[in-house]
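An overview of the molecular structure
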Amino acid sequence: MPNINFDYMIGQKYGRLTVEKIIYQKGRGTQVDCICECGNRKQIRICDVRKGHTQSCGCLRNEKVAKVNYKKGLAADDYRLYGIWSKVLYRCNNPKDKHYHYYGGRGIKVCDEWQGENGAENFFKWAYSHGYVEPLTLERIDVNGNYCPENCKWIPISEQPNNTRRTNHYTYKGETLTLNEFAKKYNVNVVMLRSRVYKLKWDIDRAIEEPRHERFDTYNESGRKKRR
C-alpha cells in the first residue's frame, strides 16, 4: 500500500468520469477505475484524472471532432448562424464565459432541442423557417426566459439594445422608452441626453425639455466632447 491514500476519490466526479475504484500498483503507478457518463468503463492514470487532463472515456474528444467536421461541411452562408448557436450554448453553459453571469449564471438555459448531437441541425431548421437572413440577430422575447423556439425571434441589430435586462427605460408624458428612443422622438442629442441623466442626475423631464446650456452640456451636435 502506498503512503498516499486516494480512497477519498471513490464516488467523486471528475468531468464526465465517476471514480468507482482505486487500483494501487507498484511500478505502473496508481490508476482509477471509472465509469463515464456515456456508460463506458475505463482505467486511467490517477494523475491524469486529478489534474483534469482526462475528463471522459474518449467520448468528449469524439464529440469535439464531430462538431469540427460538422462545421467544415457548412455552406459559407451558414457560418454566421453556426457562430450564433455556439455563442448561445457557451454563455449559458460555460461559467468561464465573460457574459455567463448574465445568462447561465442567472438561470437562463438552452432547450434540449437545440443541444446535443442534433442541436445545431435543429437550430438551423428553426432559424430558416422563422425568417433568418443576414444580418438579423437572435433575441429572446422574454428577456428572463430561456433560449427555445417559443421565446426567440430574429430582429435587426438596431432593435437589439432596446430589450436587454441592462437597458434602462424612462417614463415621460406617460410613455416609457429608452433614452435612444426619446432622443430620436424629440430630436434631442442622444449624447447630451445621456450626460444629463447619467452624470448630472437630472430627471427625464428636465433632461428632455431644458434647452442646451453651455454650462452643463459639454457635447456638440456630433456627440463629441467640447474642448475647453
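I will try to describe carefully the structure that is included in this document. Keep in mind that what you see is a predicted model, and the values were worked out from it rather than measured.

A separate point is unusual backbone geometry. With an omega dihedral of 5°, the bond running from Glu134 to Pro135 counts as a cis peptide bond. Position of Pro135 relative to the elements: it lies in the loop between helix 4 (119–129) and strand 5 (137–140). The residue Asn187 is not glycine, and still its phi comes out positive at about 55°. Inspection of the secondary structure puts Asn187 in the loop between helix 5 (179–185) and helix 6 (190–199). In this structure Asn187 comes out as exposed when scored by relative accessible area, which is 72%. Positive phi, normally seen in glycine, also occurs at Lys201, with a value near 60°. Take Lys201: it is sitting in the loop between helix 6 and helix 7 (204–209).

Right, let's get into the environment of Cys34. Looking at the secondary structure, you find Cys34 in strand 3 (residues 31–36). Sequence separation between Cys34 and Leu17 is 17 residues, and the spatial gap between their C-alpha atoms is 5.9 Å. Setting aside residues no more than four positions away along its own chain, Cys34 makes contact with Leu17, Thr18, Val19, Asn40, Arg41 and Lys42.

In this structure, Asn189 sits in the loop between helix 5 and helix 6. A distance of 2.8 Å separates a polar atom in the side chain of Asn189 from the backbone nitrogen of Met192.

This part is about the nonpolar core. Formed by 25 residues in total, the largest nonpolar core has its most connected members in Trp114, Phe123, Trp126, Leu138, Tyr147 and Trp154. For this core, the secondary structure elements donating two or more residues are helix 3 (79–93), helix 4 and strand 6 (152–155). Of all the elements, helix 3 adds the most residues to this core, at seven residues. Once residues lying within four places of it in the same chain are set aside, the contact partners of Trp154 are Leu81, Ile84, Phe123, Trp126, Ala127, His130, Gly131, Tyr132, Leu136, Thr137 and Leu138. One finds Leu177, Leu179, Val197 and Ile208 within the second-largest nonpolar core, a separate group that totals 14 residues.

Our focus in this paragraph is the environment of Arg212. Take Arg212: it is sitting in the segment after helix 7. The partly exposed category is assigned to Arg212, whose relative accessible area is 36%. Along the sequence, Arg212 and Met192 sit 20 residues apart, while their C-alpha atoms lie 8.6 Å from each other.

Cut-offs applied
- Residues numbered from 1 in each chain as written.
- Predicted model: local features only at pLDDT ≥ 70, side-chain atom pairs only at ≥ 80, totals over all residues.
- Heavy atoms only, no water.
- Helix = DSSP H or I, 4+ residues; strand = E, 2+ residues; numbered from the N terminus.
- Buried < 20%, exposed > 50% of the residue type's maximum accessible area, 1.4 Å probe, protein only.
- Contact = heavy atoms within 4.5 Å.
- Polar contact = N/O pair within 3.5 Å; in protein donor to acceptor, adjacent residues only side chain to side chain.
- Core = buried A, V, L, I, M, F, W, Y, C linked by side-chain atoms within 4.5 Å.

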